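Examining the three-dimensional arrangement
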Amino acid sequence: MIPYKEWMDFDIVTLEGHDTVNNAFDDPIDWTNIHYGYGIVGTYTQGATNWWRWFTLIRPKGSDFILDIPGRDFPVSAVIDYKATSTPLYWHPAGITQLSLNTNTLFENITEHIWDADKATGRYIDGVAEEWDNYPIWTGHWFCDTIGCPGLFAGTDIDRTDVIGSPTPPPHQIQVELAARFAGGENMWSGREYFFRNGMCLRVSAWAGVVNYNKAAFFVSPERCKIKYFNPVVNSFSRYRISPAGGDTLVINGLGFDNSDADINEFCSCWTTPCLPGSTWTDDVDKIEFWTTDGVLIATITSGLGEFTLNSNSQITIASMPALAEGTYYVNLIKQTVGTNIGALGSATGYAGDWRTDSYGRMSEGSRFELLVADEEEEEDEPPNPRTRWRWGEHDGEVFAYYSYLDTRGRDTFWEGRIKNMSPLTRMIDDRTGLFGVSDVSVTLANNDMEMSKMLSRYFLRNKLVDFYYGWGRQAEAWDEYFFQGVVIDYDLIGTHFDVMVQDVTQKYFGMDTAQHICTLEEYPFIHESAIGKSMPDALGLCELIPATADENSGAIEARYVDTRAGFYSYLAAQFSLTGITEVYSNNVEIFTPADYTVAYRDGGRTYIDCTANQGDNKITYNCVGYSVGIWDDPTNGYIQNPAYVISFYLTQIVGMPLALLDMESFDDLAALYTTNNWHQSAKLILQDGRDAMEVLRELLYSFGANLWIAKDGRLTIGRKDITNFATDLVIFQQIHAFEHAKREYNLQDFVNAANVQWDYIPTHSTFKYAEEISSPRSIEDYGKERYPSTPWHFPWLVSEISSGGAGLGLVEQRMREELLKYDFGYKKISFKVPIQMIDDLDIFTNFRYQDPFGLSWTKEGEKGRYYYISSLTYDFQDRSIEVVGIDLQYLIGQYLIIGDCDALSSDWTTGSEHNRIYAAVSDCDTGRFSNGDPGKVVGPCDTV
Amino acid sequence: MPVTYVVENYIDVNTLYSTSSQDSPFYTMDHLYNERPSWPLRFEGVGSAGIPEWICVDFGAQSGLYRVTFAGIFNHNLTITPERFSLKGCATDCQSGGAGGCDWEAGFAWEIDMRSRIRHGSFCGGKYQYIFPNSCVKLDQTIEHYRFEFIDTANPDGYIEVGEAVLGEWCQFGRNVHLQPGRPDGPVFYMGNQETLYGQDWSNYYSYAEGFTLTFKNINDIRNLDELQMFLIRVQRNGGRFIIIPDDDKFYGLDMEAEVPPYYPLCYYVIIKNMGDYAQRLIHGWDKDLREWTLELKTLTTGLKLIG
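Report on the accompanying structure.

**What about the overall build of chain B?**
Helix and strand content of chain B: one helix and 21 strands. Taking all contacts inside chain B whose residues are at least 6 apart in sequence as the whole, residues at least 24 apart take part in 75%. Counting every atom, chain B has about 13900 Å² of accessible surface; 52% of that belongs to carbon and sulfur.

Listed below in structure tokens is the structure:
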């Protein structure tokens, strides 16, 4: 595994050529000055003096797609995924029998020229006046002929029959690679500057059978660019404080400390010249440097002298740290000469912490680790000190300001002790719905010196981000940890006070309707009046409604009639490209392709149903398999079905939340959990009309039994409690930590022991496809009555299967059961208050055990560690406390007999640890007690054993 | 016990000439007189032999009007044994060398070594000698240029910090105004302490700050009362901030043995806390007999300092 970075948003433009002279496209006037913000590649020959050509430039979007980023400047190879879609309409008539799709890195001859994503056209690089330096652009601008291998899809032919053979041809999923080939030809290393400057070009070439009036074109949409790096990445140190005297052992974990040659050469085999014939890369970390934070190199150790050991690609051990003067240090890992044996490329380096990788090797930005060299006792009595960073905005920029309760001097920052009051902050999950919640925060800043009056005269704060973090005294400021990120919504200046209201930053995205795009007369001049102002539908997963009896409600989604002209009769099915449309109905009567309709992808990837005859005022509905995003697709079916990815698609593509706000690793982990349980094809989502974005999110989470919360780092993190996720080493002691007795809530007014459940919702017809009634006989017997929830339980976005088809339960049945288990004997919670010093240990969803002398015990011995997980945390720095609300995990653990590992557990109850005792143990049959006299469990009727 | 205090600081934007270096943008030399010891000047280095870090004050031709009888450095980070911590005077210039310059290494007029004002409470010996962050000295000069100099090569921070520099005139409450013996000077150290139901203590050390209650009693001279009144007015004009040496009767301790440092009383940069009623007094009779007068004081915070 090699560290890699990936981009999923792209700048994209289509350059259009129209040559009426000689089909050479060699004059600037052969190119149109029309900007297309989406991707088309293709060719059109319209007679002897009329030729058209389209090709597409793509470039990962964002300021981080540059070569020279410290710790990420030494690329190994690149992979680009994109989709290409064509239809018979765009490939006709039959003259062109084959097309070749190629991808190239784009080499712009004029130094430092970068195409303008918002304006570039075939004529001008900036869309205004600056011409491309050569026409046709495809000569003199390709750095390499073709990225990819002859054996792969790109660079080879697509047959017309691939497109024509199916009435609704699915998109072609294409992957191209830029290999780490070293010698000969173009490769990642030699093309890196061009690649990071101007991205890639997608085009068609080598078409066979062209005659006049032949057109062949593809809509292309890039999905992912993945680039691997030689730079070593450090995820953690085994310790962050070492003694000035040296001698401590420091274990460094991360990735890319010594990549395998096979991984580096992954894409090389398809080339006629292998990457490294008979040689090795030698890209091991062989030097480690220690730098002061103000940039002075203090010490160097090397593996050559045995001063550290390279254990693996992911671990380095420094058995004995060198002596260092008190202070803080940056640690720089160096591969002194990558590729020594095959011609040195240079040094690949990386400061520890600048980048981190997840379990897949995906890199994300981190803050540089600081190794604190100091004696241990200096940490005593350190206060956790909340600090804040504010962005004061002006019309053309921002200035930062730093405020705290107390003047705080850091190396790079000074926090003014200006905070007079700060309200407690609550971060929580509403366990009933899985939805996150964050309280508003009000902050009062001192204005006695008129500093705030001065700032307000020039700057503003509304809608500006405020970062809240905390650190400990006598530590480096880089060790500060986030506990909240907010956005300013209002403020009042009251003489010596400046009161600011801050709200959770996600509200910036959720205060919206899901219908961000509606059908308008401006965009569709021939739109049917019934469709004007209606939202463009969205669909994920398997969306179908096929009635048992003909003419009943049919089709899961209603298409919008956007072009009523004869010969068009066009209906907008979805605002993005659906993977496929399976059935179409006109007023509940099925119609067929190609006789009645064809499916087309136009206008940057929207999906249309083009009918052959006028359907009048009929309601056109259809069934489909929804959107596809490559890496999030179901591996079997090729479109998004996993509940975790339906939510991630919803958040990123429909709500428009930036990826940086999501902890994507947690989404991947949850997706894997659903896959393990065979629930990975259970999700769907239909957005037919505009709805409150937060309400839809709540439905998704509740349907799938997932919890979404804002972690301390400010990112939305997702998870689900199941039996693989309850163990913990964290024990909170009533007798040490809690300021008062814990409150155990039973919430019996909420208890429910029977419910009607409905799932698989079809919004077009306002109907659920399935329903079931469930109950808990034991609870009904104990409490003597059936109690139903006030409204039926709805899982609208689960598809229909009750069982998963395997040995386990289907997600629908699992959700029904666990909801009932949660509520059939009350809704049990615990709440208590602990010192602020525990802030590092506690986060939402963290499991813990609670020791309580007043806990439930037949022998009155209390509880030594009942299992809970945290659903709410309230930080109060002024009260120096954290209020914790935990959800009792009994509902989960009670479903299992936990056997444990026979070798790891004590065989005797007396010697077993408290942790051991959660696993299955059988007491003496006669006495009903364990070996030390504790009351125990007896298996079955004893006298028959 | 006499009480010594200093209200006005002669160092300001006009008289502060320059410093040898400053760590911009956060820790610049204007913080030397911002009445906020927690926001210091931070030099770029620690000085070296013959090349100290320095702060120079230039009173120019008006120096005769500035009689300096008190000098103080508040919230410094000096170690217990700096190579140099001095206040020097020179008539010619703040600049070293050159035509009209002052030879601050050899040609200055006088020098007061302030190193003995760093160490306090060192009776346990060994490692835990306590460094008090404020150092004050009495003098009596009217020279044009004053220069604080620092060399502290062993400073673990790698730089020297000075929270506040003060040159001024000390005053004492005259005549019969005394703090009563056994004065209720209750240092209140600001610490967050929480105690759990079962008696577990969770305490936090916050920034160094201390509270005092100074009580004056039985002042029965109208002149003494007016003196207090003037003191209050001066302090109020200064934002309630002033410097106080509560136990100023051992200011010039004798350095009888080299190993035992002379004892100098602690000096504090304080703010009056009972702003609303600090002037409330009980005055009796025709001669305005002041029976009791209480001043609530709090030392200005030293702030937090992070490593690195």
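**Describing the overall build of chain A**
Counting secondary structure elements, chain A contains 11 helices and 55 strands. Going through the 945 residues of chain A one by one, you find that 56% of them count as buried. Summed over its atoms, the accessible surface of chain A is roughly 37600 Å², and 49% of this surface lies on carbon and sulfur atoms.

**Let's talk about the pattern of salt bridges**
Under the criterion given, the structure shown has 51 salt bridges over all chains. Between A:Asp407 and B:Arg36 there is a salt bridge, and its shortest N-O distance comes to 2.8 Å. Note that A:Asp407 is positioned in the loop between strand S25 (397-404) and strand S26 (408-409) and B:Arg36 in the loop between strand S2 (16-19) and strand S3 (41-42), a pairing that runs across two chains. The class of A:Asp407 is buried, set by a relative accessible area of 4%.

**A look at the packing of helix H6 (residues 643-654) of chain A against helix H7 (residues 664-676) of chain A**
Residue and element names in this part refer to chain A. Relative to each other, H6 and H7 sit at 150°, their axes nearing to 7 Å. The orientation of H6 with respect to H7, classified from their angle, is roughly antiparallel. Contacts between H6 and H7 pair Pro 643, Ala 644, Tyr 645, Ile 647, Ser 648 and Leu 651 from the former with Met 664, Phe 667, Asp 668, Leu 670, Ala 671 and Tyr 674 from the latter. Each residue belonging to the contact of H6 with H7 can be placed in one class, and the counts come to 10 nonpolar, one polar and one charged.

**Considerations on the sheet that holds strand S12 (residues 233-237) of chain A**
Residues and elements named next belong to chain A. Across the sheet, which stays open at both edges, the four strands sit in the order S12-S14-S18-S17 with antiparallel pairing between neighbours. Edge positions in the open sheet fall to S12 and strand S17 (309-312), since each of these has one partner strand only. For this sheet, the mean inter-axis angle between neighbouring strands, taken without regard to orientation, is 30°.

**Examining the packing of aromatic side chains**
Residues and elements named next belong to chain A. Enumeration over the complete set of coordinates arrives at 58 aromatic pairs over all chains. Residues Phe 483 and Phe 877 carry aromatic rings whose centres are separated by 5.1 Å and whose planes lie at 45° to one another, so their mutual orientation is tilted. Here Phe 483, found in strand S33 (residues 481-494), pairs with Phe 877, found in the loop between strand S54 (863-876) and strand S55 (881-888); they are 394 residues apart in sequence, far enough to count as distant. The exposure classification of Phe 483 matches that of Phe 877, with both residues buried. The ring of Tyr 330 is capped by Arg 368, whose NZ or CZ atom sits 5.0 Å from the centre of that ring. Positioned above the aromatic ring of Phe 568 is the side chain of Arg 565, whose terminal nitrogen or guanidinium carbon lies 4.0 Å from the ring centre.

**Brief notes about the nonpolar core**
Residues and elements named next belong to chain A. In terms of nonpolar packing, the biggest core is built from 154 residues, with Trp 390, Ile 609, Tyr 622, Tyr 650, Leu 697, Leu 842 and Phe 848 touching the most fellow members. Every residue in contact with Leu 842, bar those within four places of it in the chain, is listed here: Lys 712, Leu 730, Ile 732, Val 834, Ile 870, Leu 873, Tyr 875, Ile 882 and Val 884. Core analysis: the second largest hydrophobic core is formed by 33 residues, Ile 80, Tyr 82, Cys 225 and Tyr 229 among them.

**With respect to empty space enclosed by the protein**
Residue and element names in this part refer to chain A. Tallied over the entire structure, the rule returns six cavities of 30 Å³ or more. One number sums up the size of the largest cavity: a volume of about 140 Å³. Around the largest cavity sit 17 residues that line it, and Gly 705, Asn 707, Arg 815, Glu 818 and Lys 822 are the ones nearest its centre. Those elements that place two or more of their residues in the lining of the largest cavity are helix H8 (693-704) and helix H10 (811-823). Sort the elements by how many residues they give to the lining of the largest cavity and H10 lands first, with four residues.

**Describing H8(A)**
Along an α-helix, residues three or four apart share an orientation, since each turn contains 3.6 residues. Residues and elements named next belong to chain A. If you check H8, its first and last C-alpha atoms are 17 Å apart, about what 12 residues at 1.5 Å a residue would give, namely 16 Å. Counting buried residues in H8 gives 10 out of 12 residues, a clear majority hidden from the surface. Among the residues of H8, those classed as buried are Ala 693, Met 694, Val 696, Leu 697, Glu 699, Leu 700, Leu 701, Tyr 702, Ser 703 and Phe 704. Two or three places before Met 694, at the start of H8, stands the capping residue Asp 692, its side-chain oxygen 3.2 Å from that residue's backbone nitrogen. Just downstream of H8, Gly 705 is the residue with a positive phi angle, here 65°.

**A look at the state of the cysteines**
Residues and elements named next belong to chain B. All told, the structure shown has three disulfides over all chains when counted by the stated rule. Residue Cys 56 pairs covalently with Cys 94 via a disulfide, S to S 2.0 Å. Judged by the torsion about the S-S bond (-85°), the Cys 56/Cys 94 disulfide is left-handed. Taken as a pair, Cys 56 in strand S4 (residues 53-58) and Cys 94 in the loop between strand S6 (84-90) and strand S7 (110-113) lie far apart in primary sequence, 38 residues in all. For Cys 56, a relative accessible area of 0% translates into the label buried. Residue classification places Cys 94 among the buried residues on the basis of a relative accessible area of 0%. Across the disulfide from Cys 90 sits Cys 102; the S-S distance is 2.0 Å. Residues Cys 90 and Cys 102 are joined through a disulfide that is right-handed, its torsion about the S-S bond being 115°. Here the residue Cys 90 occupies a position in strand S6, and Cys 102 occupies one in the loop between S6 and S7, the gap between them amounting to 12 residues. You'll find Cys 90 and Cys 102 in the same group, each marked buried.

**Focus on the pairing of strand S24 (residues 384-394) of chain A**
Residue and element names in this part refer to chain A. With respect to burial, S24 is a largely interior element, 10 of its 11 residues being buried. Sheet analysis places S24 next to strand S32 (residues 465-472), joined by seven bridges and oriented antiparallel. Looking at S32, one finds that Asn 385 is bridged to Gly 471. Looking at chain direction, S24 and S25 are connected through eight bridges and run antiparallel. Residue pairing across strands places Glu 394 opposite Gly 397, the latter belonging to S25. Following S24, the chain reverses through two residues before pairing antiparallel with S25.

**Topic: the sheet that holds strand S50 (residues 767-775) of chain A**
All names here are of chain A. Ordered by their spatial adjacency, three strands build an open sheet running S50-S49-S51, and the pairing between neighbours is mixed. The open sheet has two edge strands, S50 and strand S51 (793-795), and neither has a second partner. In this sheet, neighbouring strand axes are inclined to one another by 25° on average, regardless of whether the strands run parallel or antiparallel. Against the sheet, H10 engages strand S49 (754-762), S50 and S51, with an angle of about 145° to S51.

**Some details on a nonpolar patch on the surface**
Residues and elements named next belong to chain A. On the surface, Tyr 746, Leu 748, Tyr 783 and Leu 856 cluster together into a nonpolar patch covering about 350 Å² of accessible area. Following the sequence through the fold, Leu 856 ends up in the loop between strand S53 (847-852) and S54. A relative accessible area of 47% means that Leu 856 is categorised as partly exposed.

**Notes on unusual backbone geometry**
Going from A:Thr593 to A:Pro594, the amide bond is cis rather than trans, its omega being 5°. Along the chain, A:Pro594 turns up in the loop between strand S40 (589-591) and strand S41 (597-602). Cis rather than trans, the peptide bond between B:Ser24 and B:Pro25 has omega equal to 10°. Checked against the element boundaries, B:Pro25 lands in the loop between S2 and S3.

**Things to note about the environment of A:Gly393**
Residue and element names in this part refer to chain A. Along the chain, Gly 393 turns up in strand S24. Sequence spacing of Gly 393 and Met 455 is 62 residues, and the spatial spacing of their C-alpha atoms is 9.9 Å. Filtering out sequence-adjacent residues up to four positions away, Gly 393 remains in contact with Glu 398, Arg 458, Tyr 459, Phe 460 and Lys 464.

**Comments concerning the packing of H6(A) against H8(A)**
Residues and elements named next belong to chain A. Put simply, H6 and H8 touch, their axes get as near as 10 Å, and they point 170° apart. With respect to H8, the axis of H6 lies roughly antiparallel. The segment H6 lies against H8, with Pro 643, Val 646, Ile 647, Tyr 650 and Leu 651 engaging Ala 693, Val 696, Leu 697, Leu 700, Leu 701 and Phe 704. Here the contact of H6 with H8 is built from residues that sort into 11 nonpolar, no polar and no charged.

Reading the values: the criteria
Residues numbered from 1 in each chain as written. Chains lettered and ligands numbered in written order. Predicted model: local features only at pLDDT ≥ 70, side-chain atom pairs only at ≥ 80, totals over all residues. Heavy atoms only, no water. Helix = DSSP H or I, 4+ residues; strand = E, 2+ residues; numbered from the N terminus. Contact = heavy atoms within 4.5 Å. Areas by Shrake-Rupley, 256 points an atom, 1.4 Å probe, with all protein chains shown as cover. Buried < 20%, exposed > 50% of the residue type's maximum accessible area, 1.4 Å probe, protein only. Salt bridge = Lys/Arg side-chain N within 4 Å of Asp/Glu carboxyl O. Axes fitted to C-alpha atoms, helices over the stretch in contact; angles between N-to-C directions. Parallel < 35°, antiparallel > 145°, perpendicular 65-115°, else oblique. Nonpolar A, V, L, I, M, F, W, Y, C, P; charged D, E, K, R; others polar. Pairing = 2+ DSSP bridges. Phe/Tyr/Trp six-rings, centres within 6.5 Å; stacked < 30°, edge-to-face > 60°. Lys NZ or Arg CZ within 6 Å of the ring centre and 35° of its normal. Core = buried A, V, L, I, M, F, W, Y, C linked by side-chain atoms within 4.5 Å. 1 Å grid on protein atoms, 1.4 Å probe; cavity = no way out; pocket = protein on both sides within 12 Å on 5 of 7 lines; lining within 4 Å. Points joined across faces, edges and corners; volume = space filled by probe spheres on them. Expected span 1.5 Å × (residues − 1). Polar contact = N/O pair within 3.5 Å; in protein donor to acceptor, adjacent residues only side chain to side chain. Disulfide = S-S within 2.5 Å. Patch = residues over 30% accessible without salt bridge, like charges linked within 9 Å, V, L, I, M, F, W, Y side chains within 5 Å.

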